[in-house]
Structures are given as C-alpha cells and as structure tokens.
Amino acid sequence: MVTSLAERAELIAALADRRAALVREDEAGGAKDRARQLRDHVRAYVLPRVQALESPLLVVLLGPTGAGKSTLMNTLARATVSRTGVLRPTTREAVLLATDADAATLRKGALAGIGAGQILRAPATTASAGLAIVDAPDLDSVERANRVIADALVEAADLGIFVTSAIRYADKVPFDVVQRIAARGLPLLIVVNRMPPEESEQRVVLEDLRRVLKDTALRGIDDARVQIVGVAEGRLDPTGERLDADAAAPVLQRVDELARDRERRLALARRALEGALAGLDPLLGSVADDLEHAAAEGEALRAITAKSYDAELAALFEELRGGTFLRTEVLRHWESYVKADQITRFFSRGLGRIRGTIVAVFRGMPEAPVGVVEKEVTSDVVAVAVSRATEAGRRVGSEWASREGPAAQLAQDASLWSASPDLAARIQPRLHEWVGSIATDVQARGAGKRDLAFGVSLGVNALAVAAMVGVFAHTAGVTGTELGIVAATGFLNQKLLQAIFGEAAMREMIANARERLETLLGDEFSKERSRYDRLTADPVELRALAAELRGAMAPLAA
C-alpha cells in the first residue's frame, strides 16, 4: 500500500521504466511517445523533487511575449538582472537568480534537464538562500528552443507566477499554458500588467479574467483560490526596468514570506510535488489505455495464430488416424513379410490355438524389413507434418499481412510464411525415439510371455514396427475392401499383436503409442506457433501493468 508521496513517485517511476522496456517497434508512434514521455518526465522532474524536498524552492515567471516578466523579475530581485525591451522575444534564455549554493543544488536536481547554456546566472548579490527565481523564455516564442525551455521549467517549478497583460490574458497560447499549469497542479499567482487606470475598468478586466479561468483546476499558494494582482499601465520605478514597489507589493510580499519561512517553503514544495503526481494522472491513464489496446491487439494476433495451428494440427491428427495415411508400397513391404495368406489360415482356427503354433509359423522366415518400414513411415510423418505446418504459417501470414505492424514483421522474415526451415530436422530424431519407446513398451509387455514375444523370429524391433504400423493402419472397425491394402495390413497387425499380447494389451499399446506421437507433434506445432507469439507482447503482462498504472492514480492511503 502506497502511503507517501515519495513511495508513489518511486512506484510510478518503476512502472514507467517497465512500460518503456515493453515498447515495440511496431507500436503506434503516439503510444511510444507517451511511454517515453512518462519515463522521462518522472525521471527528470518528479524524482529529483522527491529526493530533495528541502532543496531551494523554485519560483518560475511564465508568460507570453511582452507581458512584462523581465520587469517583474527585476522587481523581485530589486536589481536589474533580466533584459527588458521591445525586441521579441526579449527573454532568449532563462535567467536564474539564486545563491551559488542553491544554483549548484538546482543544477543537479530540478534544473538538471536544461542545458547549461540555456540558463544565465543573474548576480547573486540580492538572492535569498532557499529560494530561487527563474525568468522563463516567452511561452509563445517564435523560437522553438525557447518554448521547450519554458515547458521544462513549468515541470520543474514549485511555484508559478503567470505574467500577462490586460489585453493578452485570453490569448490561446498563454491560456493553453495555464491549462497545462492547472493539469500539473502547480500553485500559481497571476500578475496582470498594463491595466487601465480607472478602477471600474480594472474590475471589468479582472472579472473577465476570472470568468476565463473559472473552469480550470488552478489553485493558489495557500488554498484553491488563485490570487490575481493587477498592475496599472505605467507603474514603473524611475529606472523604467522595475515595477513601482507599491504596485508590486502583493507579489513582493508573497515571495518575501517564502524567502523568510523555511517551513512554508517546504510545505509549498510538498504541494508542488503532490500536484506534479496528480498531474500525471491523465498521462498514466493514456499509457494504461495504450497497454490495453496493445494487449487486445496481441490477443487478436495470438488468436489468429492459435486458430490456424490448431486447425492444421487437428487435420494432421485426422490424416494420421484416417487409415489412408501410409503409402501402399510401404504397407506391401509389411504385408508381404507377414504372409497374410498363411497367417489368416491359422487365425481361422482361433486365437487360443495360434498362440501354441505361432513359433512354427514364423520359424525360418526372412529378416523383417524393420529399417525400411520405420524409415519410410517416419519420413511420411515428417512430410505431412511439415506440409500442415507450412499451411498453418501461410494462413497466419495471410491474416497478419492485413495489419500494419505485423505486416512489417512478415516482410522482415520470409520464413514466417511457412514452416520453420529446421522443422523436419527437429521431428526426425524425435520420431526415431518414439519408435524406440514402442519397442520398450513391447519388451515390457512381453516380459511374461517370452515363449511368445521373444522366442519368435519377429523379435522386439519387428513387433515394435508392427505396433507402429498399427497406429496408422489399425482397422478400428473399418472393414471389407473399403480401405484395400490398408485394411488388410491393419487387420494383420491387429490380429498378430492381439494373438501375442491379448486384445486389451494390444489396444492399450497402440493407443499409448498414438498418444505419444500426437504429443510429440503437438509440441512441435507449439514451437512453430511460438515464432509468432514471440512477435507480440504478452497480453497478460500488458494488462497487469495497465492495472498497476491505474492503481498508482489512486488516492494515498490514510
């Protein structure tokens, strides 16, 4: 449970890092930008304030071109430290008024993200320890670099003083900045320069300004009400570089109070941090939305892949079980070897009697074509598995190609349109192990029937191949000439194994062999499918991170 601002900041920083690490090249540009923005913002502005709450309070003067920021800066400094004039934009760099020690602290913390050449140091002779003031470049500057610095200072500030004029307070660019200050939760004081001399006209301006600001979430230094200070046109001191002390008195009083009172500075810094964290909520929500969108896209892509591979794997199993998978020339090898015409005559006498004469039946037979049949059968399994996996890859590629991000990934790897180049090489040795497992099963089941299983000339390997053929050519109720040579060979294998091991054991042995084969092929198809799953972010991980980001927006625990 998060119970402090510091804990929340650290949590958000960790979540932002995780999100940035999950950014993928095929994501939409906006999502990538928001992920980087969140990480950079927290690292550059939020964490430095957490780690140094007692560092100097940073007051930033913000406003549009020609509003009088530099004049107010000189007034607060009680010296001419910032240029004023009619050249636009007058303030080309930020001007920092701070003691040497405070300036060094800020350069390592809140101002670390701003280049050294973009901030000028004002003479520190009138600076107050613990409080730094920055005259920011104009917010509506025609020079983009100036706007970037001003935006960065909005994020770094503990207190904003927004300087505008009686004729510019409703301009779009300054008002957009006011909205950003409100979203940031930055405590604010507003100074309206060049007010008309008549009090009645001043009231009209200030009332209209309050109307403009009414729907914003701006808050003041001490409470939710933002203090607005009006300064009449021409209220300058004799130098013309500073406001008249009486005209600027409310602003001077506020800043001087902060300069004198460390506890007030610390409280304001905490409020600024609280506002900065609250101001992250919209961005956190947007990043969470991006993650959920990416999760939905990932789920859709993975569903396409799963559907294609599941369908082709099911078709592969059906083909292997269908009784017509094996080529007839392979089956004829086996049918010829077991001499169907001779064995069927013995079968007609009944299984009990065949067990007593089976040794005589096979004595003197030529060597079983174990190697030939095993090689041919496993080669056929490899061929049909690769064919089905290729079709699955083609189907995935066809559907993915209609989506921009996946289409780019397909273009980078042509192998994604078919089976993996090494699929056949992966399956072949596993099929050899599979046949070996059948031999092990035969040996185990025949241990108590040595006069039948091991005394016959067939031997363990031949019986294993017989069982292997039974996996593909088991009659399973298919009769007559419907399957021709397949049915005949299947019948032979069934009766042969049944005579030696018994019907129940024979069926169990074939069923187990089939199950192991399908597990093997299912595993290889899962590996094929994983090629595509690796190209998508994990939807579960994305949704979990989205939920954590939304959780970080919750109020602090009491």
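Structure: above.
Throughout, a residue's number is its position along its own chain's written sequence, starting from 1. For this predicted model, a pLDDT threshold of at least 70 governs which residues receive local features, and a threshold of 80 or more governs which side-chain atom pairs are given and counted, while totals over whole chains, interfaces and linings are taken from all residues. To obtain the side-chain values, all non-hydrogen atoms of the structure were used and water was disregarded.

K.L.:
What should I look at first to understand the nonpolar core in this one?
P.N.:
Soluble, globular proteins show a tendency: their nonpolar side chains are buried together. Working definition of a nonpolar core: buried Ala, Val, Leu, Ile, Met, Phe, Trp, Tyr and Cys residues. They are joined through side-chain atoms within 4.5 Å. Only protein chains enter the calculation, and the probe is 1.4 Å; a residue is then buried if its accessible area is under 20% of its type maximum, exposed if over 50%, and partly exposed in between. Ranked by internal contacts, the top residues of the largest apolar core, which has 54 residues, are Trp434, Met468, Phe472, Leu497 and Leu521. Numbering of helices and strands starts at the N terminus; helices are DSSP runs of H or I of at least 4 residues and strands are runs of E of at least 2. Elements supplying a minimum of two residues to this core: α10 (281–321), α14 (370–400), α16 (423–445), α18 (459–473), α19 (485–501) and α20 (503–533). Throughout, a contact is declared for two residues whenever any of their heavy atoms are within 4.5 Å. With near-sequence residues (within four places) excluded, leucine 521 lies in contact with Leu313, Leu316, Phe317, Leu320, Val381 and Ala385. Of all hydrophobic cores here, the second largest spans 45 residues; its members include Ala94, Leu188, Leu206 and Leu213.

K.L.:
I'm lost on the packing of aromatic side chains in this one. Help?
P.N.:
Remark: the centre distance and the inter-plane angle together describe each pair of aromatic rings, the angle taken between the planes. The pairing test for Phe, Tyr and Trp rings, Trp by its six-membered ring, is centres within 6.5 Å, and the orientation test on the planes gives stacked under 30 degrees, edge-to-face over 60, and tilted for anything in between. Throughout the structure, instances matching the rule amount to 4 aromatic pairs. Ring centres of tyrosine 309 and phenylalanine 525 lie 6.0 Å apart, and the angle between their planes is 80°; on these two criteria the pair is classed as edge-to-face. In this pair, tyrosine 309 sits in helix α10 while phenylalanine 525 sits in helix α20, placing the two residues 216 residues apart along the sequence. For the pair shown, tyrosine 309 and phenylalanine 525 are each scored as buried. Taken together, a centroid distance of 6.1 Å and an interplanar angle of 65° make the contact between tryptophan 434 and phenylalanine 472 edge-to-face. Of this pair, tryptophan 434 sits in helix α16 while phenylalanine 472 sits in helix α18, placing them 38 residues apart in sequence. Here tryptophan 434 matches phenylalanine 472 in class, with each residue buried. By the ring-pair criterion, three or more aromatic residues cluster together here, those being Tyr309, Trp400, Phe525 and Tyr532.

K.L.:
When you look at unusual backbone geometry in this model, what are you seeing that I'm missing?
P.N.:
One can expect most non-glycine residues to show negative phi and most peptide bonds to be in trans. Phi at arginine 78 is positive, roughly 55°, even though this residue is not glycine. You can see arginine 78 is positioned in the loop between α3 (69–77) and β2 (94–97). Given a relative accessible area of 47%, arginine 78 falls into the partly exposed group. You will see that arginine 194, though not glycine, has its phi angle at about 55°, which is positive. Accessibility expressed as a relative area gives 38% for arginine 194, which makes it partly exposed.

K.L.:
Can you walk me through the pairing of strand β5 (residues 159–165) in this structure?
P.N.:
Looking along a regular strand, one sees the side chains alternate between the two faces of the sheet. Most of β5 is tucked away, with 7 of its 7 residues classed as buried. Of the two faces of β5, the one lined by Leu159, Ile161, Val163 and Ser165 and the one lined by Gly160, Phe162 and Thr164 are each fully buried. Two strands pair under a simple rule: DSSP has to find at least two bridges between them. Bridge count for strand β1 (residues 57–62) against β5 is 4 bridges, and the pairing is parallel. Residue pairing in the sheet places valine 60 in a bridge with glycine 160 of β5. Sheet analysis places β5 next to strand β6 (residues 188–195), joined by 6 bridges and oriented parallel. Bridging across to β6, serine 165 finds its partner in asparagine 193. Seen with the strands pointing away from the viewer, any crossover whose path from the first strand over the helix to the second strand runs clockwise is right-handed. In the classification by handedness, the crossover that spans β5, the intervening helix α6 (residues 172–184) and the parallel β6 is right-handed.

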